[in-house]
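Summary of structural features
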Amino acid sequence: MQDFTTDLAAKYSVGRACTMITSLGRLLRDGQPNLPQSVLERSRRPGRSMGSLARALETFFISRGLAVATDQAERLAAGRRQRRVLAVPGPLRPSVEAFSDFMIRSRERSRRAGTLPRTDGTIEAALAIVRDLALFLTSERGKEDWALTDVHDLEAFLAGSPKARKRRLVVLGQFFRFARSRKIVLVDPAHGLTARGPSGFTGTTLRLDQQRLLFRRWTTDPAVHPHEALLGMLALLHGASSREVKMLHAVDLDFRARTARLGDRPHPVPLDPPSWAAVERCLAHREDQKTDNPHVMVTRQTKSGRGPASTAYVSHVLDACGFPPRMIRCTRLLDLVNTMDPKLVAAAFGMDPEATMIYLSDRIDETRLAEWAAAND
């Protein structure tokens, strides 16, 4: 108890720490077993957040080997899946719910077999696509039975988002194969559909003047949040992904050589002075929060724990500048691949060689490449 109190005092304000200690005292006097795992489970709040006390106890107990992690992540994932299923119109919902259960069971089999299982994000994305199709069928095509779905319905649905055609088609193929195996449909309407379109890069990139504007913003404007400057500079100059930045630990930084280990890259990445200045700003921000979290990017939600910033948080870090992280990163990759050997770029970034090939000039739409070349002239 004393060690936990000291831990709280170092991470929270006096008032917040006192409130949490008082709540813990009530739990210890409620007549239930006071084993660490039992106390941790009883401290959790119902709903989407288990509460600050439960998060603090979980971090404290796990760091000392007194308890195992809660199933909070699994509960939240189950809630996200349920919300997607409930958004499906009533007549089509049972089949989508069965498909969700099928994917969960398949994941468990994959884990037991030692193969690569679906992640929560993959399952949720698949359910979202099937949900969108169900809404499209009922609102646009007037159909409330999966058996009435035909290839023309799917083509119309896919045409609504051409850039997502490949991903949507993969999920629709999985769903209708499942539906056919359960006799929900007699014919697979997705069979024979192809993911037509260019095999090269189809995203958007920044013009040179936009890159210069962002560089000045992140190097000269003190009002810019340190997290925005860090993610922006590493993406703009070093092609860093959002995941590489959010998973960056303080121990991954070499202060003498001014390098950083990013993701799966085989070698430390040398950082130029502006990028290193962004790192130092982020470290100063982390120091102000008085946290034991090992990550460089620490938020209010993660300062009391040891986990990385959430994907949702990182995806919105660059909202103020008006450009998403993926666009900035792809701009850098497009430049590197077309001015260097793609295999060298793949080796430096820890990527599969095929992943860099889509950025080659002979695979990119000619109009897009001409605009990119003019901007970088």
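Check the entry above for the structure.
Residues numbered from 1 in each chain as written. Predicted model: local features only at pLDDT ≥ 70, side-chain atom pairs only at ≥ 80, totals over all residues. Heavy atoms only, no water.

A look at the nonpolar core
- Residues Trp 218, Leu 230, Leu 253 and Ile 328 are the most contacted members of the largest nonpolar core, which totals 34 residues.
- Only helix 10 (208-220), helix 11 (226-238), helix 13 (273-288) and helix 15 (325-339) provide two or more residues apiece to this core.
- By residue number, the principal contributor to this core is helix 11, which donates seven residues.
- If near-sequence neighbours (up to four positions away) are discounted, Trp 218 is found in contact with Val 224, Glu 228, Ala 229, Gly 232, Met 233, Leu 236, Leu 318, Cys 321 and Ile 328. (Core = buried A, V, L, I, M, F, W, Y, C linked by side-chain atoms within 4.5 Å. Buried < 20%, exposed > 50% of the residue type's maximum accessible area, 1.4 Å probe, protein only. Helix = DSSP H or I, 4+ residues; strand = E, 2+ residues; numbered from the N terminus. Contact = heavy atoms within 4.5 Å.)

Quick notes on the packing of aromatic side chains
- According to the stated counting rule, one finds ten aromatic pairs in the structure shown.
- Relative to Phe 60, the ring of Phe 4 has its centre 5.3 Å away and its plane inclined at 65°; by these criteria the two rings are edge-to-face. Residue Phe 4 is located in helix 1 (residues 2-11), and its partner Phe 60 is located in helix 4 (residues 52-63); the two are separated by 56 residues in the primary sequence. Of the two residues examined, Phe 4 and Phe 60, each falls in the buried class.
- When the ring of Phe 99 is compared with that of Phe 175, the centres are 5.2 Å apart and the planes differ by 80°; the resulting orientation is edge-to-face. Taken together, the positions of Phe 99 in helix 6 (residues 93-113) and Phe 175 in helix 9 (residues 165-181) put the pair 76 residues apart, joining distant regions of the chain.
- What makes Phe 99 buried here is its relative accessible area of 1%.
- Taken together, Phe 99, Phe 102, Trp 146, Phe 175, Phe 176 and Phe 178 form an aromatic cluster joined through their ring pairs.
- The aromatic ring of Phe 349 is capped on one face by Arg 265, whose charged end is 4.1 Å from the ring centroid. (Phe/Tyr/Trp six-rings, centres within 6.5 Å; stacked < 30°, edge-to-face > 60°. Lys NZ or Arg CZ within 6 Å of the ring centre and 35° of its normal.)

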